[in-house]
Amino acid sequence: MKFVRFKDQSAVYSGVLKDSEIKEIKGDIFKDWEYTGRSFQKEQVQLLAPILPNQIIGIGANYVSNKVDIPEVLPEIPVFFFKPTSSVIGPEENIVIPAGAKQVKFESELAIIIGKEAKNVPESEVLDYVFGYTIGNDVTAPVFFHGDGHWTIGKSFDTFTPLGPVIETELDPFNVNVEARLNGALKQDSPTDLMIIPIRKMISYLTSVMTLREGDVILTGSPVGAELVNTGDVIECEIKEIGILRNSFAEARESVKS
């Protein structure tokens, strides 16, 4: 099932997408919801980020080029980081390259949506706590990385976390490819079995540290091939079973004082 958020005129709705038709729903997608009886055509509305996250957690440097490169001993403490919810945008919205950064980096990723409270969950049970999956673009401005290795500023600018186009609840996350096309040219194309920290271990570890709650988003890492991009470039992050998350890069505008 594909859940969406969308705008028609100035109103925001939730719905279930099937083919090109969106059937409006009301209620809490994590608990109780129902169809309203209204429907919309996908081409006639604006798709938004399919979720307004509770929090966003990313993992760094989590893919290798080939299976033989996966280390036999995994890191005892994986490199996780937070991204602010204010960085979230949806499909077709502009990613703004901030003043002070001539270029930024795209990072196409499988994003996990947590569906219920999770604490100290064993690896064998973590998928019971997953509501669904979407595509994330972990946009990064490396020029703002701190000299001591802190990543927060470089990953936190407004528009730096595109999500979408849908939340797919019927997905085998272990049998998909994460792709990215820059101006039509394929740059990333890796199966999720090239992750260093696999999905089950990733979620289980996080629940040993913190309580995950419904609406939390976990960005699972970006395949090899991410590049720096410029104003005017177009990035299409794709997982075929979910769809295409398309955004353009724009230059920051100076505020106009009245």
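Not measured: the values here are computed from a predicted model.

**Quick word on the sheet that holds strand S14 (residues 177-182)**
Across the sheet, five strands lie side by side as S9-S19-S18-S14-S15; this open sheet has mixed pairing. Two strands close off the open sheet at either side, each with one partner strand: strand S9 (94-97) and strand S15 (185-191). Ignoring strand direction, the axes of neighbouring strands in this sheet form an average angle of 20 degrees.

**A look at the packing of aromatic side chains**
Within this structure, the stated rule accounts for 12 aromatic pairs. With a centroid separation of 5.2 Å and 85 degrees between ring planes, the pair formed by Trp 33 and Tyr 35 is classed as edge-to-face. We classify Tyr 35 as partly exposed; its relative accessible area is 42%. Three or more aromatic residues joined by ring pairs make a cluster, and in this case those are Phe 3, Phe 30, Trp 33, Tyr 35 and Phe 131. Sitting over the face of the ring of Tyr 129, Lys 116 holds its NZ or CZ atom 4.9 Å from the ring centroid.

**Let's talk about the pairing of S15**
As defined by bridge partners, S14 adjoins S15 across six bridges and the pair is classed as antiparallel. When the bridges of S15 are listed, Glu 179 appears paired with Asp 189. The hairpin turn running from S14 into S15, its antiparallel successor, is two residues long, and Asn 183 in that turn takes a positive phi close to 50 degrees.

**Observations regarding the pairing of strand S3 (residues 21-27)**
Bridge analysis of strand S2 (residues 11-18) against S3 gives five bridges, and the strand direction is antiparallel. Following the sheet pairing, Gly 15 is matched in S3 by Glu 24. The turn linking S2 back onto S3 is made up of two residues, and Asp 19 within it adopts a positive phi angle of 60 degrees.

**Overview of the environment of Gln 41**
For Gln 41, the position within the fold is in strand S4 (residues 33-41). For the pair Gln 41 and Leu 17, spaced 24 residues apart in sequence, the C-alpha to C-alpha distance is 9.3 Å. If sequence neighbours within four positions are ignored, Gln 41 has contacts with Ser 20 and Glu 21.

**A short note on the side chain of Asn 137**
Within the secondary structure layout, Asn 137 lies in strand S12 (residues 130-137). Among residues more than four places away in sequence, those in contact with Asn 137 are Lys 83, Ile 95, Phe 106, Glu 107, Ser 108, Phe 160, Thr 161, Pro 162, Ile 235, Cys 237 and Leu 245.

**Description of the pattern of salt bridges**
Applying the stated criterion across every chain yields a total of 17 salt bridges. The partner of Glu 107 in a salt bridge is Lys 155, with the nearest N and O atoms 3.9 Å apart. Taken together, the residues span a long stretch of sequence, with Glu 107 in the loop between strand S10 (104-105) and strand S11 (108-114) and Lys 155 in helix H1 (residues 152-155) at a distance of 48 residues. With respect to class, Glu 107 is no different from Lys 155; both count as buried.

Scoring rules and cut-offs
- Residues numbered from 1 in each chain as written.
- Predicted model: local features only at pLDDT ≥ 70, side-chain atom pairs only at ≥ 80, totals over all residues.
- Heavy atoms only, no water.
- Pairing = 2+ DSSP bridges.
- Helix = DSSP H or I, 4+ residues; strand = E, 2+ residues; numbered from the N terminus.
- Axes fitted to C-alpha atoms, helices over the stretch in contact; angles between N-to-C directions.
- Phe/Tyr/Trp six-rings, centres within 6.5 Å; stacked < 30°, edge-to-face > 60°.
- Buried < 20%, exposed > 50% of the residue type's maximum accessible area, 1.4 Å probe, protein only.
- Lys NZ or Arg CZ within 6 Å of the ring centre and 35° of its normal.
- Contact = heavy atoms within 4.5 Å.
- Salt bridge = Lys/Arg side-chain N within 4 Å of Asp/Glu carboxyl O.

As far as function goes, none of this settles anything; it's purely spatial.
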